[in-house]
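# A look at the structure
Here is how the chains run, residue by residue.
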Amino acid sequence: MKYHIATFGCQGNERDSEMIAGILEKKGYKATENINDADVILFNTCCVREKAENKVFSRIGKLKELKEKNPNLIIGICGCMVQQEKMIERVRHRTPYVDLIFGTHNIHELTKLLDNIREQKKAQYHVLNDSENIVEGLPSKRQFSYKALVNITYGCNNFCTYCIVPYVRGREKSRKPEYILEEVRELANDGVVEVMLLGQNVNSYGKDLSEKVSFAQLLKEVNKIPGLARIRYMTSHPKDFSDELIQSILESEKVCRHFHLPVQAGSSRILKLMNRIYTREQYLELVAKIRNAFPEASLTTDIIVGFPGETEEDFSQTLDLVQRVRYDSAFTFKYSPRTGTPAATMDNQVPEPVKKERLQRLMDVQNKISLDINKSLQGKVLPVLVEGSSKGEANMLTGRTETNKVVLFPGSPELTGKIVNVEITTPQTWILKGEIKENNM
Ligand code: 5AD
Ligand code: SF4
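Notes on the structure in this doc start here. From a predicted model like this one, the values you see are computed outputs, not experimental measurements. (Residues numbered from 1 in each chain as written. Chains lettered and ligands numbered in written order. Predicted model: local features only at pLDDT ≥ 70, side-chain atom pairs only at ≥ 80, totals over all residues. Heavy atoms only, no water.)

Attention shifts here to the overall build of the protein. Counting secondary structure elements, the protein contains 13 helices and 19 strands. A compact globule built from 441 residues should have a C-alpha radius of gyration of about 22 Å, and the protein, at 22 Å, falls within 12% of that. If you line up the protein on its principal axes, its C-alpha atoms span 65 × 60 × 50 Å. In the protein, buried positions account for 53% of the 441 residues. Restricting to contacts in the protein with at least 6 residues of sequence separation, those with at least 24 account for 74%. For the protein, the accessible area works out to roughly 20,600 Å², and carbon and sulfur atoms hold 50% of it. With 62 positive and 57 negative side-chain charges, the protein shows a separation of 3 Å between the mean positions of the two kinds. (Helix = DSSP H or I, 4+ residues; strand = E, 2+ residues; numbered from the N terminus. Rg over C-alpha atoms; globule rule 2.2 N^0.38 Å. Buried < 20%, exposed > 50% of the residue type's maximum accessible area, 1.4 Å probe, protein only. Contact = heavy atoms within 4.5 Å. Areas by Shrake-Rupley, 256 points an atom, 1.4 Å probe, with all protein chains shown as cover. Lys, Arg positive; Asp, Glu negative; His and termini not counted. Charge placed at Lys NZ, Arg CZ, Asp CG, Glu CD.)

Let's shift gears to the sheet that holds strand β12 (residues 258–260). Across the sheet, 3 strands lie side by side as β12-β13-β14; this open sheet has parallel pairing. Here the strands that pair on one side only, and so sit at the sheet edges, are β12 and β14 (329–334). Strand-to-strand twist of the sheet, defined as the mean angle between neighbouring strand axes without regard to direction, takes the value 10 degrees. Bridge analysis of β12 against strand β13 (residues 298–305) gives 3 bridges, and the strand direction is parallel. Each bridged residue has a counterpart across the sheet, and for H258 the counterpart in β13 is S298. (Pairing = 2+ DSSP bridges. Axes fitted to C-alpha atoms, helices over the stretch in contact; angles between N-to-C directions.)

What follows covers the layout of surface pockets. Roughly 580 Å³ of internal volume is contained in the second largest pocket. In terms of lining, the second largest pocket is formed by 25 residues, of which the most central are Q83, Q84, E85, K86 and T339. Of all the secondary structure elements, the ones that give two or more residues to the lining of the second largest pocket are α2 (50–61), α4 (87–94) and α6 (165–169). Top contributing element to the lining of the second largest pocket by residue count: α4, with 4 residues. In terms of domain composition, the lining of the second largest pocket takes at least three residues from each of domain 1 (2–126) and domain 2 (147–375). (1 Å grid on protein atoms, 1.4 Å probe; cavity = no way out; pocket = protein on both sides within 12 Å on 5 of 7 lines; lining within 4 Å. Points joined across faces, edges and corners; volume = space filled by probe spheres on them. Domains from an automatic or database assignment.)

Let us look at the sheet that holds strand β7 (residues 147–151). Through backbone hydrogen bonds, the strands of a sheet pair up, either in parallel or in antiparallel fashion. Pairing within the open sheet is parallel, and its 3 strands lie in the order β7-β10-β11. The strands lining the two open edges of the sheet, one partner per strand, are β7 and β11 (230–234). On average, adjacent strands in this sheet sit at an angle of 20 degrees to one another, irrespective of strand direction. With respect to the sheet, helix α7 (residues 177–189) is in contact with β7 and β10 (194–198), its orientation differing from that of β7 by roughly 170 degrees.

Using the criterion set out here, one finds 1 cavity of 30 Å³ or more in the structure. In terms of lining, the largest cavity is formed by D16, I20, N44, C78, G79, F102, G103, T104 and I107. At the level of elements, α1 (11–26) and β4 (74–79) are the ones that each hand at least two residues to the lining of the largest cavity. In the lining of the largest cavity, the residues fall into 4 nonpolar, 4 polar and 1 charged. (Nonpolar A, V, L, I, M, F, W, Y, C, P; charged D, E, K, R; others polar.)

All right, on to the side chain of R276 then. Along the chain, R276 turns up in the loop between α10 (268–273) and α11 (280–293). Of the buried charged residues, R276 lacks a salt bridge, with D302 as the closest side chain of opposite charge at 7.4 Å. Separated by 3.5 Å, the side chains of R276 and H237 make a polar contact. Residue contacts for R276: discarding those within four places in its chain leaves C160, Y162, H237, P238, K239, P262, V263, Q264 and L271. (Salt bridge = Lys/Arg side-chain N within 4 Å of Asp/Glu carboxyl O. Polar contact = N/O pair within 3.5 Å; in protein donor to acceptor, adjacent residues only side chain to side chain.)

Moving on, we come to the pairing of β11. Buried residues dominate β11, accounting for 5 of its 5 residues. Residues of β11 alternate between two faces, with R230, R232 and M234 on one and I231 and Y233 on the opposite face, all of them buried. Across 5 bridges, the pairing between β10 and β11 is parallel. By the bridge assignment, V195 is partnered in β11 with I231.

Below, the discussion takes up the packing of aromatic side chains. Enumeration over the complete set of coordinates arrives at 9 aromatic pairs. Summarising the aromatic geometry, the rings of F241 and F259 are spaced 5.9 Å apart at their centres and angled 55 degrees between planes, so their arrangement reads as tilted. Linking F241 in the loop between β11 and α9 (243–251) with F259 in strand β12, this pair joins segments that are 18 residues apart in sequence. Across the pair, exposure class does not vary: F241 and F259 are buried alike. Consider the rings of F259 and F294, whose centres lie 5.0 Å apart with planes at 40 degrees: the pair is tilted. Of the two residues, F259 sits in strand β12 while F294 sits in the loop between α11 and β13, which places them 35 residues apart along the sequence. Across this residue pair, the class does not change: F259 and F294 are buried. Three or more aromatic residues joined by ring pairs form one cluster here, namely Y162, F307 and Y335. Over the ring of F333 we find R49, and its NZ or CZ is 3.7 Å from the ring centre. A cation over an aromatic ring shows up here: R94 above the ring of F57, its NZ or CZ 4.0 Å from the ring centre. (Phe/Tyr/Trp six-rings, centres within 6.5 Å; stacked < 30°, edge-to-face > 60°. Lys NZ or Arg CZ within 6 Å of the ring centre and 35° of its normal.)

Along the chain, the position of C256 falls in the loop between α9 and β12. Judged by relative accessible area, which is 2%, C256 ranks as buried. The spacing of C256 and A297 is 41 residues in sequence and 8.4 Å in space, taken between C-alpha atoms. When sequence neighbours within four positions are dropped, the list of residues in contact with C256 reads R230, I231, R232 and E402.

Another aspect to go through is the side chain of H258. As for its position among the elements, H258 is in strand β12. On the basis of relative accessible area, H258 is assigned to the buried category, the value being 13%. Of note is the side chain of H258, whose polar atom sits 2.9 Å from the side chain of T300.

Attention now moves to the site of ligand 2. Inspection of the region around ligand 2 gives C10, N13, C46, C47, V48, C80, V165, R169 and Q200 as its neighbouring residues. For the shell around ligand 2, the per-class residue count stands at 6 nonpolar, 2 polar and 1 charged. Summarising the domain contributions, the shell around ligand 2 has at least three residues from each of domain 1 (2–126) and domain 2 (147–375). (Near = heavy atom within 4 Å.)

Spelled out as structure tokens, the structure:
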């Protein structure tokens, strides 16, 4: 029996897919890259923007024929998309041949659900809105041998007015520090050199635990674990980026000098409508503090254009902020209304062509800055964690700098998982091209 998982969305979903794969492998299933070859096909979905959802429906639509040819094939949908109200009805209507729907709080029930489908010859739909406790100890099949995702919190309490996540992922819950540290220790023992600590808002880690522990304290503990070389985290909310955290990163040499600080908008008026809690000025102050403490750090962000009510003046403040901060790179999005969120019913929705045009202008400004910053790295020798062969180019490897920039350079795939020194020879907007320097570590 073979399974195929298609994962959409963020690293939270990537990690869930590793656990789903672990559960299936424990049941005796083997993974296959070839969807036509699979006995179980699962779509682990995202619903943060409409585009992500449409992609899933279109992919499942293409499976109708496969299912007609092979009635024993199990097609399942899980992840954030199915956590939305009325989604089960929509899936049943659009793709009635889907056999399995399970939510983000039902992953541990997968084995039982698959058995039920086979035994009862009946589709299974199990979606819980939220869960009281975190299920620990699920099996997992990790995607990489040298880097790993580690959940530290689940869910979100922030309720930014554009965002569906708090509705689909439930209330914020922290994993106990001992579970996290134990997991990271095991990973390091198995040869993992980089961990990414995951949460919707890692800075509020621990606030819900009976024994209070902060994200800053957790980082210091993770930093002590032998064998690890790099610690990353995702995502931190600017409103909670404390001085204690800056201090803790200063004291933790393994924590990467890369700050991903989603700003979302450059106008305080829009930030207020978004319920982001900080103003433009407070954000810029935080950036100044970080730059001051870590002059060598890279800064990246997420920005939404065309939030309801965004005027040309508001948007020009976003452009101005981007020019002031000079991000290394930015993920930029057109606002996508999500049913059930406050922003979806706000007045003055911005027309699509305006969103499109603003997105393009924003990307033009940011790309120029990215190229400028990358050009300043010309001739520098940087430690790069090798991630493997490049998909596009034979004999080329890709890897990442501590600052999370992608580097492309000639080399042997045996270096995968190693940190090598690479001289940057041809910096570009999104990647740095380079060559391995002799006398590598
Ligand atoms: N429309 C567009 N972008 C969104 N994001 C979250 N919700 C929406 C939405 N409704 C973006 C934010 C967030 C990133 C993960 O996705 O920028 O930081
Ligand atoms: Fe991740 Fe949010 Fe998308 Fe869910 S909806 S996969 S939490 S980005």
